[in-house]
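# A look at the structure
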Amino acid sequence: MVDLTFFKGKRVLVTGHTGFKGTWMCRTLILAGADVTGYSLEPPTDPSLFQMAGVEEKMNSVIGDIRDLDKLSQVFGETKPEIVIHLAAQPIVRDSYKEPVYTYETNVMGTVNICECVRKQESVKSFLNVTTDKVYENKEWEWGYRENEPLDGYDPYSNSKSCSELVTHSYKNSFFTDGRVAVSTARAGNVIGGGDFANDRIIPDCVRAAKEKRDIIIRNPFSTRPYQHVLEPVIAYLMIVKEQYENPDYQGYYNVGPDETDCVTTGDLAEMFVERWGDGLKWINEYDGGPHEANFLKLDCSKLKTTFGWKPRWTVAEALDKTVEWTKAYFADEDVAEVMDRQIREFVGCQG
């Protein structure tokens with residue numbers, strides 16, 4: 001497990017900080033005492049975890065478009081980050097079918113822009129580009145994909161993130177061979193946790209159904225995904241940027257996912273949520289004939305485990321427990337920021 005005291009006083013820039021994963025990342029870094037700058041569009045959902053988590057007043061939050069190289073460069077120049085974590089993206093598969101040009105502009109040229117800023121800003125020592133498990137050419141086979149498998153995402157979202165990987169590889173080979181900055185990419189599976197209000201995701205759909213006291217609609221209950229609590233990749237990302245900051249030999253390409261026993265179908269995940277929620281909630285299968293999405297996807301995380309001695313902290317069942325705990329606190333108008341801090345401390349083994 002990463003020692004978060006490393007980040008105390010470190011200047012860290014997080015793109016996409018107003019999103020679900022970005023908010024959990026910033027809350028964790030703030031608890032660790034980091035000097036955090038965020039660069040992102042306005043919060044992508046209403047309600048917004050970023051707003052209710054109370055992080056904005058504890059960090060330097062800059063609202064900007066990752067496609068705007070001039071503004072992004074200005075922020076780099078003003079804040080002089082030592083560590084850069086790139087989370088900004090158009091992250092929804094179905095939205096990528098509706099807006100492919102915007103998806104490619106954000107996910108590909110956004111990566112070019114962040115890499116260019118890292119190249120020009122001499123203060124940067126550690127850079128992580130966060131992509132997705134969907135970057136791989138998915139052959140629907142039973143075993144998990146390894147980091148050396150071919151990259152060729154099918155849909156515009158997945159393919160744009162494959163391109164984002166290739167952009168990072170090119171910049172790494174062309175400009176960062178002198179060792180000035182360590183560069184890695186991380187490919188994570190599907191994340192769940194308190195405060196995700198995105199459209200077209202299973203747990204937010206469950207939460208909305210619970211709030212409205214209606215059935216949960218599942219469009220493809222048989223698709224298998226590597227579900228994990230959002231803190232699993234967040235802490236893994238921090239581990240990677242810390243280790244390569246201290247030793248550039250650790251830079252590389254890493255899968256971040258659950259153990260195979262926690263790769264479950266969407267229907268199983270919905271059933272587990274229903275069991276924990278109670279109150280007569282149930283789900284129904286209602287396939288809507290939507291665009292292509294992979295049915296079967298797993299990651300082989302052996303590299304992360306052997307390199308750093310890493311292992312998943314919470315099972316998918318425990319991840320759902322934490323998600324339901326947060327959501328019920330939110331519905332009861334309790335302090336959800338306090339719930340987040342408690343879960344972060346529990347996850348990393350801190351007391352108090």
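This write-up is about the structure you can find in this document. Throughout, a residue's number is its position along its own chain's written sequence, starting from 1. Only residues with pLDDT of at least 70 are given local features in this predicted model, and only at 80 or more are side-chain atom pairs given and counted; all residues enter the totals for whole chains, interfaces and linings. Calculated side-chain values reflect all of the structure's heavy atoms, with hydrogen atoms and water omitted.

A pair of Phe, Tyr and Trp rings is counted when the ring centres sit within 6.5 Å of each other, with Trp represented by its six-membered ring. The angle between the planes then sorts it: under 30 degrees is stacked, over 60 is edge-to-face, the rest tilted. Under the counting rule described, the total for this entry stands at 15 aromatic pairs. Judged by centre distance (5.6 Å) and plane angle (10 degrees), the rings of F273 and W277 are stacked. Remark: W277 and F273 occur in helix α9 (residues 266–277); sequence separation between them is 4 residues, near one turn of the helix. Overall, W277 belongs to the buried group, its relative accessible area being 9%. For the pair W277 and F331, a centre-to-centre distance of 5.5 Å together with 80 degrees between the ring planes defines the contact as edge-to-face. Linking W277 in helix α9 with F331 in helix α11 (residues 316–331), this pair joins segments that are 54 residues apart in sequence. Only DSSP runs of H or I covering at least 4 residues are called helices, and only runs of E covering at least 2 are called strands; the numbering of each starts at the N terminus. Residue exposure (1.4 Å probe, protein chains only): buried if accessible area is under 20% of the type maximum, exposed if over 50%, otherwise partly exposed.

Before going further, it helps to spend a moment on helix α5 (residues 100–120). Across its 21 residues, α5 extends 29 Å between first and last C-alpha, which sits within 8% of the 30 Å expected from 1.5 Å per residue. Among the residues of α5, T103, T106, N107, V108, G110, T111, N113, I114, C115, E116, C117 and V118 are the ones counted as buried. Helices are assigned an expected span. That span is 1.5 Å times one less than the residue count.

A few words now on the pattern of salt bridges. Note on definitions: salt bridges are taken to be side-chain nitrogens of Lys or Arg within 4 Å of carboxyl oxygens of Asp or Glu. In this structure the tally under the stated criterion is 25 salt bridges. Note that K120 is salt-bridged to E116, the shortest N-O span being 3.5 Å. Residue K120 and its partner E116 are located together in helix α5, separated by 4 residues, close to a single helical turn. According to the relative accessible area criterion, K120 is exposed, its value standing at 59%. Note on E116: relative accessible area 14%, which makes it buried. A salt bridge links E246 to K242; its shortest N-O distance comes to 3.0 Å. Here K242 and E246 lie together in helix α8 (residues 231–246), a separation of 4 residues that amounts to about one turn. Residue classification places E246 among the partly exposed positions, given a relative accessible area of 47%. Each of D65, R67 and E105 takes part in a single network of salt bridges with overlapping partners.

In this analysis, the protein atoms alone were mapped onto a 1 Å grid. Cavities are point sets where a 1.4 Å probe fits without being able to get out; pockets are open sets with protein on both sides within 12 Å along at least five of seven lines; lining residues have an atom within 4 Å of a point. Grid points are joined across faces, edges and corners, and a volume is the space filled by probe spheres set on the points. Evaluated as defined, the whole model comprises 1 cavity of 30 Å³ or more. Reported here for the largest cavity is a volume of approximately 40 Å³. Breaking the lining of the largest cavity down by element, the ones donating at least two residues are α7 (202–212) and α11. Among the elements that take part in the lining of the largest cavity, α11 stands out by supplying 3 residues, more than any other.

Mapping T37 onto the fold places it in strand β2 (residues 35–40). Within polar-contact distance, the side chain of T37 engages the side chain of N60 at 3.3 Å. Excluding its chain neighbours within four sequence positions, the residues that come into contact with T37 are V12, L13, V14, M59, N60, V62, V75 and T79. Under this definition, polar contacts are N or O atom pairs within 3.5 Å; protein pairs additionally need one hydrogen-donor-capable and one acceptor-capable atom, and for neighbouring residues in sequence, both atoms have to be side-chain atoms. We call two residues in contact whenever any of their non-hydrogen atoms come within 4.5 Å of each other.

Spatial strand order, β3-β2-β1-β4-β5-β6-β11: 7 strands in an open sheet with parallel pairing. Bordering the open sheet on either side are β3 (60–63) and β11 (253–256), each of which pairs with just one other strand. Strand-to-strand twist across the sheet, computed as the mean angle between neighbouring axes with direction ignored, equals 15 degrees. At least two bridges found by DSSP between two strands are what make those strands a pair. One ladder, built from 5 bridges, connects strand β5 (residues 126–130) with strand β6 (residues 182–188); its direction is parallel. Its bridge partner lying in β6, N129 is registered against T185. Contacting β1 (11–15), β2, β3 and β4 (83–86), helix α3 (residues 69–79) runs over the sheet at an angle of about 175 degrees to β2. Throughout, an axis means a line fitted to C-alpha atoms (over the contacting stretch in the case of helices), and angles, computed between N-to-C directions, take values from 0 to 180 degrees. Most of the contacts of helix α6 (residues 156–175) go to β6, to which it runs at about 165 degrees, and overall it touches β5, β6 and β11.

To continue, consider the state of the cysteines. Here, the term disulfide refers to a pair of cysteine sulfur atoms separated by no more than 2.5 Å. Under the counting rule described, the total for this entry stands at 0 disulfides. Counting only cysteine sulfurs, C115 is the nearest neighbor of C117, a cysteine outside any disulfide, at a range of 9.5 Å. Free cysteine C163: the closest other cysteine sulfur is in C115, separated by 13 Å. Given a relative accessible area of 26%, C163 falls into the partly exposed group.

The values reported here are purely geometric and, on their own, carry no functional implication.
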